[in-house]
Amino acid sequence: MSEVDAVVVGAGPNGLAAAVTLARAGLSVRVFEKNSTIGGGARSKELTLPGFLHDVCSAVHPMALASGFFQRFRLEERIDLVLPEVSYGHPLDGGRAGIAYHDLDRTAGALGRDGAAFHSLMAPLVERADQVARLAGSNLLMAPRQPITAALFGLRVLEQGLPTWNLRFEGDVAPAMLAGVAAHAIRPMPSPVTAAAALSLGSYAHGRGWPVPVGGSQAIVDAMAADLVAHGGQIETDAGIRSLEQLPSSTAVLFDTTPRAVADIAGRRLPTVYTDALRTFRYGNGVAKVDFALSGPVPWSNAELRKAGTVHVGGTRAEIAASEAEVASGRHTSNPYVLVAQPSSFDPSRAPEGKHVLWAYTHVPKDSTIDQTEAIITQLERFAPGFRDLILASSSMTARDMENYNPNYIGGDIAAGAATLSQLVRRPVLSLDPWRTPASGIYLCSSSTPPGPGVHGLAGWYAAKSALKHSFGIGHMPSLAPGY
């Protein structure tokens, strides 16, 4: 008999989502985590000075309210989520800025001559934000449940994913706003992939909001871990796994790891053609991250940006496209795109009274070892003069450091696999059930499987559904609601 029903390797959001789902189905579950703390891409800790709580990886969570897993888990009932009035902002020179309010009408009203064009682009998706989330959060090989939403989304992806992407707009503010969100994909633009990122994340920004978790991103995984333990699950930290022999006997093993790690750990149980496919899965460029402890709020030239949970810094659409093209060519850019989060503006517990934390990362070539602190400060000074004078301390991680911190971030790739169009379909293999491997009882549940990167828990949830069906003969899904 098995010592435990199911084992999960990796305690990131997807691994914990899988573990929670299996435990809720009445199975005994044990999770093994390499690091001394759980969380993967959703950890929080003091990185700079005592009393300043920083998010080590993710900070703002567009999928916290849109994810099908978190909706069933009812995350908003378990932790405090603050919805900023402004989901994201985009500064431009001269004190101008694009402001993406939670309200689409208000956003379009501030865009002047491009307001109507922006509204007509986004409104059909914002009205169907939950359907867009289901579409973006599914295996692309599956027929869409809402074909009308898929058609509306697909047509807009084609428009914004082609070199003719500027035809809709006359000014530079609206297209810059879209480019700032598109750059989350860490890919050259325009492309269908970057357009899909802009439109899906944009629809959540206006339709659902981009929430900031009180207490840091760690609050999300702590809530998941508490639910797992409450239903009999166990978590072991400081438990790096290098072979299946290290694991207790079980009916199913789910890996919240890269495909490469699965090939290394379970390779002898897997067909050679499958492990070859796992080893050829490609990884993208990386990020370099800097956290700041500040003596006050960021002095944005446009004061409305202080209301934003997220700020995309990089200038016009043309400037962002140029900087992303340089990174894609293997070069560090002198005019970087910088993704900024200012959580202490909405959660005072993150810093001592009157002080603030600032989270920032920029895109760099894979395996970069170059510290980007000065490049990020210089770019922020462009749109927030005096920012440098507020810095009390900073903590920097290069792309190589990111991989050392989390082995799933190969070369600093926080997407756990290049977000190319082919790899969104073949992630990591071409299959209607890509979470299930050819070996009985072995599953993959990381961001290297659909729907890809982000703190949403969906990859783990889908893998657990597959395991319940194929390894345990359970066809119904358990309730994930609190108190059930």
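Model, not experiment: these values are computed from the prediction. (Residues numbered from 1 in each chain as written. Predicted model: local features only at pLDDT ≥ 70, side-chain atom pairs only at ≥ 80, totals over all residues. Heavy atoms only, no water.)

## Section: the overall build of the protein chain
No. 1: When helices and strands are counted, the protein chain shows 17 helices and 16 strands.
No. 2: For 484 residues, the compact-globule estimate of 2.2 N^0.38 gives 23 Å, and the protein chain sits close to it at 21 Å.
No. 3: Taken along its principal axes, the extent of the C-alpha atoms in the protein chain is 70 × 50 × 45 Å.
No. 4: A buried classification covers 60% of the 484 residues belonging to the protein chain.
No. 5: At a minimum sequence separation of 6, the contacts of the protein chain that also span at least 24 residues come to 74%.
No. 6: Per element, the accessible surface of the protein chain, about 17,700 Å² overall, is 53% carbon and sulfur.
No. 7: Here the protein chain carries 40 positive and 42 negative side-chain charges, and the mean point of each set is 6 Å from the other. (Helix = DSSP H or I, 4+ residues; strand = E, 2+ residues; numbered from the N terminus. Rg over C-alpha atoms; globule rule 2.2 N^0.38 Å. Buried < 20%, exposed > 50% of the residue type's maximum accessible area, 1.4 Å probe, protein only. Contact = heavy atoms within 4.5 Å. Areas by Shrake-Rupley, 256 points an atom, 1.4 Å probe, with all protein chains shown as cover. Lys, Arg positive; Asp, Glu negative; His and termini not counted. Charge placed at Lys NZ, Arg CZ, Asp CG, Glu CD.)

## With respect to the nonpolar core
No. 1: Judged by nonpolar contacts, the single largest core of 103 residues is most densely connected at Leu 22, Val 29, Phe 69, Phe 118, Met 224 and Leu 254.
No. 2: Sequence-distant contacts of Phe 118, that is, excluding residues within four places in its chain, are made with Leu 104, Thr 107, Leu 111, Phe 169, Ala 174, Met 177, Leu 178 and His 206.
No. 3: Tyr 101, Phe 292, Val 340 and Ala 384 belong to the second-largest nonpolar core, a separate cluster that totals 24 residues. (Core = buried A, V, L, I, M, F, W, Y, C linked by side-chain atoms within 4.5 Å.)

## Observations regarding the pattern of salt bridges
No. 1: Inspection of every chain in the model, using the stated rule, returns 22 salt bridges.
No. 2: As a salt-bridge pair, Arg 382 and Asp 93 come within 2.9 Å of each other at their nearest N and O atoms. Of this pair, Arg 382 sits in helix α14 (residues 373-383) while Asp 93 sits in the loop between β6 (86-91) and β7 (97-101); the two residues are 289 residues apart in sequence, bridging distant segments of the chain.
No. 3: For Glu 127, the salt bridge is made with Arg 128, and the minimal N-O distance between the two is 3.9 Å.
No. 4: With a relative accessible area of 64%, Glu 127 lands in the exposed category.
No. 5: Residue class for Arg 128 comes out partly exposed when judged on its relative accessible area of 25%. (Salt bridge = Lys/Arg side-chain N within 4 Å of Asp/Glu carboxyl O.)

## Let's talk about helix α6 (residues 129-136)
No. 1: All buried positions along α6 are accounted for by Ala 129, Val 132, Ala 133 and Leu 135. Summarising the axial view, the buried residues of α6 lie within an arc of 160°, below the 170-degree limit, and thus occupy one face.
No. 2: Of the surrounding secondary structure, the elements contacted by the buried residues of α6 are α5 (115-126), α7 (147-160) and α9 (192-207). (Arc of directions from axis to C-beta.)

## Observations regarding the state of the cysteines
The term disulfide refers to a covalent linkage connecting the sulfur atoms of a pair of cysteines.
No. 1: Enumeration according to the criterion identifies zero disulfides in this entry.
No. 2: The thiol sulfur of Cys 57 is not disulfide-bonded, and the nearest other cysteine sulfur, from Cys 445, lies at 17 Å. (Disulfide = S-S within 2.5 Å.)

## Observations regarding the layout of surface pockets
No. 1: Reported here for the second largest pocket is a volume of approximately 170 Å³.
No. 2: Residue composition of the lining of the second largest pocket, by class: four nonpolar, five polar and two charged. (1 Å grid on protein atoms, 1.4 Å probe; cavity = no way out; pocket = protein on both sides within 12 Å on 5 of 7 lines; lining within 4 Å. Points joined across faces, edges and corners; volume = space filled by probe spheres on them. Nonpolar A, V, L, I, M, F, W, Y, C, P; charged D, E, K, R; others polar.)

## Observations regarding a nonpolar patch on the surface
No. 1: On the surface, Leu 141, Met 142, Leu 430 and Leu 432 cluster together into a nonpolar patch covering about 410 Å² of accessible area.
No. 2: With respect to the element layout, Leu 432 can be found in the loop between α16 (421-425) and β16 (442-444).
No. 3: Of the residues examined, Leu 432 reaches a relative accessible area of 56% and is grouped as exposed. (Patch = residues over 30% accessible without salt bridge, like charges linked within 9 Å, V, L, I, M, F, W, Y side chains within 5 Å.)

## A look at the packing of helix α1 (residues 13-24) against helix α17 (residues 458-470)
No. 1: Interhelical geometry of α1 versus α17 gives an angle of 35° and a closest axis separation of 7 Å. When you trace α1 past α17, the crossing you get is right-handed. Across from Asn 14, Ala 17, Ala 18, Thr 21 and Leu 22 in α1, the residues of α17 making contact are Leu 458, Ala 459, Gly 460, Trp 461, Ala 464, Ala 467 and Leu 468.
No. 2: Per-class residue counts for the contact of α1 with α17 are nine nonpolar, three polar and no charged. (Axes fitted to C-alpha atoms, helices over the stretch in contact; angles between N-to-C directions. Left-handed = near helix turned anticlockwise from the far one by under 90°.)

Bear in mind that shape data such as this cannot, by itself, settle questions of function.
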